[in-house]
Amino acid sequence: MYEYVHGGNIYDADGLPAQGVLDFSANINPLGIPGEVRKAIRNAIPDCVNYPDSQCRLLRKRLGETLGIRPEWIYCGNGASEILFRLAYVAQAKRTLVLAPTFADYGRAAAAAGSKVDYHQLRREDGFRVTGSLLRSVTKRTGLVVLCNPNNPTGLLADRTLLTAILDKCRANGTLCVVDECFLDFVPHAEQYTLLGLTEQYENLVVLKAFTKTYALPGIRLGYCVTSNTALLDALYLTGPDWNVSTLAQAAGVAALSVPSYLEEARQLLATERKYLTGQLRQLDCVVYDGTADYLFFYASRDPGWADLLRQRGILIRDCSNYHGLAPGYYRIAVKQRRDNRRLIKEMKEITKHVCTFTSRID
């Protein structure tokens, strides 16, 4: 039977309170949907009597203006994950290389397209950072490489020089390289890390991005990719149905691009709250990794079963033990606004107090 492996599953009522679930398992912009986007979605409802623009012309035009990229190099989809599956089918790679740990759908998309998945294990001794050893894992047999920057679930950035070296090796081997930058907009000085500016130089590069996390729109489903490989873009249109981006989603995307101050406000909030949560978690004897995204990755050496115990109190966090290459004790939490972060920490401290008291009685 199919098993859902992602965060954000607020629909499984088993063991959850009837109301007031606080979801730290999905990494969504804590500012919520911008007001301009809400208004655009409402205003677009009358247009839903018509089929949506299958080529997302206005949205691609606005994206091109915002990113400084040719609109014809942009493909829009029903979230980044849908594009990922299309890319895997288009690539038809015999072998696909992904990191471990990383987002599960990279491997799922490759396997669904009939590719063998090779995992490059990130080492705990290296703090789960991407190192130069990744270059050795890219071989002539590798047809597709999928990387995430910053990586999910660690939130750690890969060195841009290293990514460029990987692109060079991929190009020499005839390998397609997909770099997922869905969380990069939350990173301060993101322009220093993005590979968007290299898409013209490297036809084997595809940069994947989404509105989902950045603008708190997971229920709308809107993502896009950028590549100068026009043959690949044509193939993406052919590898699935038309009208995969709804009228409401296109309107939301256009409106979101008109509020750049929203992202800067989010980055400032995240910097403050990430520091607060990091300090609090370390007081609870958790090893917190210094990520830069809108989530934190941590390890609890004395793990009371955080996910289950917090769930009983109406809080969801991401148990990362089902990530390839991770053991029990690893967790990921979204960074939210202070009132929500305080509630999480308060509940964790209460659980710690209860567990310690219970353990003392047994001893």
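Our subject is the structure listed above.
For every chain, the first residue of its written sequence is number 1, and the numbers climb from 1 along that sequence. This being a predicted model, a pLDDT of at least 70 is required before a residue's local features are given, and a value of 80 or more before pairs of side-chain atoms are given or counted; all residues contribute to the totals for chains, interfaces and linings. Calculation of side-chain values draws on the structure's entire complement of heavy atoms; hydrogens and water are dropped beforehand.

1. A closer look at empty space enclosed by the protein
Here is step 1: With a 1 Å grid laid over protein atoms only, a set of points is called a cavity when a 1.4 Å probe fits there but cannot get out and a pocket when it is open yet has protein on both sides within 12 Å along at least five of seven lines; lining residues have an atom within 4 Å of a point. Grid points are joined across faces, edges and corners, and a volume is the space filled by probe spheres set on the points. By the definition in use, this model includes three cavities of 30 Å³ or more.
Here is step 2: Empty space within the largest cavity amounts to approximately 50 Å³.
Here is step 3: Around the largest cavity, the lining residues are Leu-84, Leu-87, Ala-88, Tyr-106, Ala-109, Ala-110, Leu-144, Val-146 and Val-178.
Here is step 4: The set of elements that each furnish at least two residues to the lining of the largest cavity consists of helix H3 (80-91), helix H4 (104-112) and strand S5 (144-148). Numbering of helices and strands runs from the N terminus; a helix is a DSSP stretch of H or I covering at least four residues, while a strand is a stretch of E covering at least two.

2. Observations regarding the pairing of strand S13 (residues 330-334)
Here is step 1: Remark: exposure states derive from per-residue accessible area (1.4 Å probe, protein chains only) relative to the maximum for the residue type, with buried under 20%, exposed over 50%, and partly exposed in between. Within S13, five of the five residues are buried, which leaves the element mostly enclosed by the surrounding structure.
Here is step 2: Across the two faces of S13 the burial is the same, with Tyr-330, Arg-332 and Ala-334 and Tyr-331 and Ile-333 all buried.
Here is step 3: Paired strands, in this sense, are two strands between which DSSP finds at least two bridges. Judged from the five bridges that link them, strand S10 (residues 295-300) and S13 form a sheet pairing that is antiparallel. Within the sheet, the bridge partner assigned to Tyr-299 lies in S13 and is Tyr-330.

3. Considerations on the side chain of Glu-347
Here is step 1: Positionally, Glu-347 belongs in helix H11 (residues 338-362).
Here is step 2: Not counting residues within four places of it along the chain, the set of residues in contact with Glu-347 comprises Leu-310, Arg-313 and Ile-315. Pairs of residues are marked as contacts when any of their non-hydrogen atoms sit within 4.5 Å.

4. Considerations on the sheet that holds strand S4 (residues 116-121)
Here is step 1: In spatial order, the strands read S2-S8-S7-S6-S5-S3-S4; together these seven strands make up an open sheet with mixed pairing. The outermost strands of the open sheet, each flanked by one partner alone, are strand S2 (74-77) and S4. Going from strand to strand, the sheet's axes swing by 20 degrees on average, the running direction of each strand aside.
Here is step 2: Bridge count between strand S7 (residues 205-210) and strand S8 (residues 223-226): four bridges; the pairing is antiparallel. Within S8, the residue paired with Leu-208 across the bridge is Cys-225.
Here is step 3: Those strands touched by helix H2 (residues 57-67) are S2 and S8, and its axis lies near 125 degrees from that of S2. Only C-alpha atoms enter the line fits that serve as axes; for helices the fit covers just the stretch in contact. Angles between N-to-C directions range over 0 to 180 degrees.

5. Concerning the layout of surface pockets
Here is step 1: What the largest pocket holds in volume is close to 1,100 Å³.
Here is step 2: Lining the largest pocket are 43 residues, and of these Gly-8, Ala-26, Ile-28, Lys-213 and Pro-218 lie nearest its centre.
Here is step 3: Secondary structure elements with two or more residues in the lining of the largest pocket: strand S1 (22-23), H3, H4 and S7.
Here is step 4: Residues belonging to the lining of the largest pocket are distributed by class as follows: 21 nonpolar, 14 polar and eight charged. The classification used treats Ala, Val, Leu, Ile, Met, Phe, Trp, Tyr, Cys and Pro as nonpolar, Asp, Glu, Lys and Arg as charged, and all other residues, Gly among them, as polar.

6. Some points on the sheet that holds S10
Here is step 1: The strand order across the open sheet built from four strands is S9-S10-S13-S12, with neighbouring strands paired in antiparallel fashion. Edge positions in the open sheet fall to strand S9 (286-288) and strand S12 (318-319), since each of these has one partner strand only.
Here is step 2: When S12 meets S13, the two strands line up antiparallel, connected through two bridges. By the bridge assignment for S13, Arg-318 is matched with Arg-332.

7. Comments concerning the nonpolar core
In a soluble, globular protein the nonpolar side chains are often hidden away together inside.
Here is step 1: Within this scheme, the nonpolar core is defined by two criteria: the residues are buried Ala, Val, Leu, Ile, Met, Phe, Trp, Tyr or Cys, and they are joined through side-chain atoms within 4.5 Å. With 60 residues, the main nonpolar core has Leu-59 and Phe-211 as its most contacted residues.
Here is step 2: Contact partners of Leu-59, with chain neighbours within four places excluded, come to Cys-76, Phe-211, Leu-222, Gln-250, Gly-253, Val-254 and Leu-257.
Here is step 3: Membership of the second largest hydrophobic core comes to 28 residues, among which are Val-288, Ala-307, Ile-315 and Ile-345.

8. Points about the side chain of Thr-154
Here is step 1: Among the secondary structure elements, Thr-154 is positioned in the loop between S5 and helix H6 (160-173).
Here is step 2: For Thr-154, a relative accessible area of 0% gives the class buried.
Here is step 3: A polar side-chain atom of Thr-154 sits 3.3 Å from the main-chain amide nitrogen of Leu-156.
Here is step 4: In this structure, Thr-154 is in contact with Pro-101, Phe-128, Gly-291, Tyr-295 and Phe-297, ignoring residues within four places of it in sequence. Pairing of N or O atoms within 3.5 Å defines a polar contact, subject to two protein rules: one partner must be a possible hydrogen donor and the other a possible acceptor, and residues neighboring in sequence count only if both atoms are side-chain atoms.

9. With respect to the pattern of salt bridges
Here is step 1: Salt bridge, as used here: a side-chain nitrogen of Lys or Arg that lies within 4 Å of a carboxyl oxygen of Asp or Glu. Overall, the coordinates contain 15 salt bridges when judged by the stated rule.
Here is step 2: Between Asp-118 and Arg-95 there is a salt bridge; the shortest N-O distance is 2.9 Å. Residue Asp-118 is located in strand S4, and its partner Arg-95 is located in strand S3 (residues 95-100); the two are separated by 23 residues in the primary sequence.
Here is step 3: Here Glu-350 makes a salt bridge to Lys-353, at a shortest N to O gap of 3.8 Å. Residue Glu-350 and its partner Lys-353 are located together in helix H11, separated by three residues, close to a single helical turn.
Here is step 4: The class of Lys-353 is exposed, set by a relative accessible area of 52%.
Here is step 5: Salt bridges sharing common partners tie together Lys-61, Arg-62 and Glu-65.

Just distances and angles here, no functional claims.
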